[in-house]
Amino acid sequence: RRWTGTVLQHAYKGALWNMLITATISFFIGRRADCTWAVAMAPDKSNPIISRMTAFGQSWHYMMNLTTFILTFFLSQSYSLWREMYNTGRKIQGRLNDVG
């Protein structure tokens, strides 16, 4: 019952699917790239496949920064609006109590 309606219930399928895809891609790149590095270590950047993926890594970093900025800005604006509506509602409640 605690599981129903939670974020985990709605997100676990997508998260598992993404982990499966990532593990599959990592496995095939590891087989194709003739890995010379250990399993949990950073790959050798002189490898042709890995060197092609550095541009992807840089673009991922830029998109992550942009997304973080947008989410932070949106959260700040949303909280300000919520706080303003909350204060307005409390003022109206106070005036209704004065009338009653």
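(A) A look at the layout of surface pockets. One number sums up the size of the largest pocket: a volume of about 530 Å³. If you go around the largest pocket, you meet 17 residues; those closest to its centre are Ser26, Ile29, Pro43, Ile50 and Met53. For the lining of the largest pocket, the secondary structure elements donating two or more residues are helix H1 (7–32) and helix H2 (48–99). Residue composition of the lining of the largest pocket, by class: 11 nonpolar, 5 polar and 1 charged.

(B) View of the pattern of salt bridges. This structure, assessed with the given rule, holds 1 salt bridge. Note that Asp98 and Arg95 form a salt bridge whose closest N and O atoms lie 3.0 Å from each other. Of the two residues, Asp98 and Arg95 are both situated in helix H2; the distance of 3 residues between them amounts to about one turn of the helix. Residues Asp98 and Arg95 agree in their burial class; the two are exposed.

What counts and how
Residues numbered from 1 in each chain as written. Predicted model: local features only at pLDDT ≥ 70, side-chain atom pairs only at ≥ 80, totals over all residues. Heavy atoms only, no water. 1 Å grid on protein atoms, 1.4 Å probe; cavity = no way out; pocket = protein on both sides within 12 Å on 5 of 7 lines; lining within 4 Å. Points joined across faces, edges and corners; volume = space filled by probe spheres on them. Helix = DSSP H or I, 4+ residues; strand = E, 2+ residues; numbered from the N terminus. Nonpolar A, V, L, I, M, F, W, Y, C, P; charged D, E, K, R; others polar. Salt bridge = Lys/Arg side-chain N within 4 Å of Asp/Glu carboxyl O. Buried < 20%, exposed > 50% of the residue type's maximum accessible area, 1.4 Å probe, protein only.

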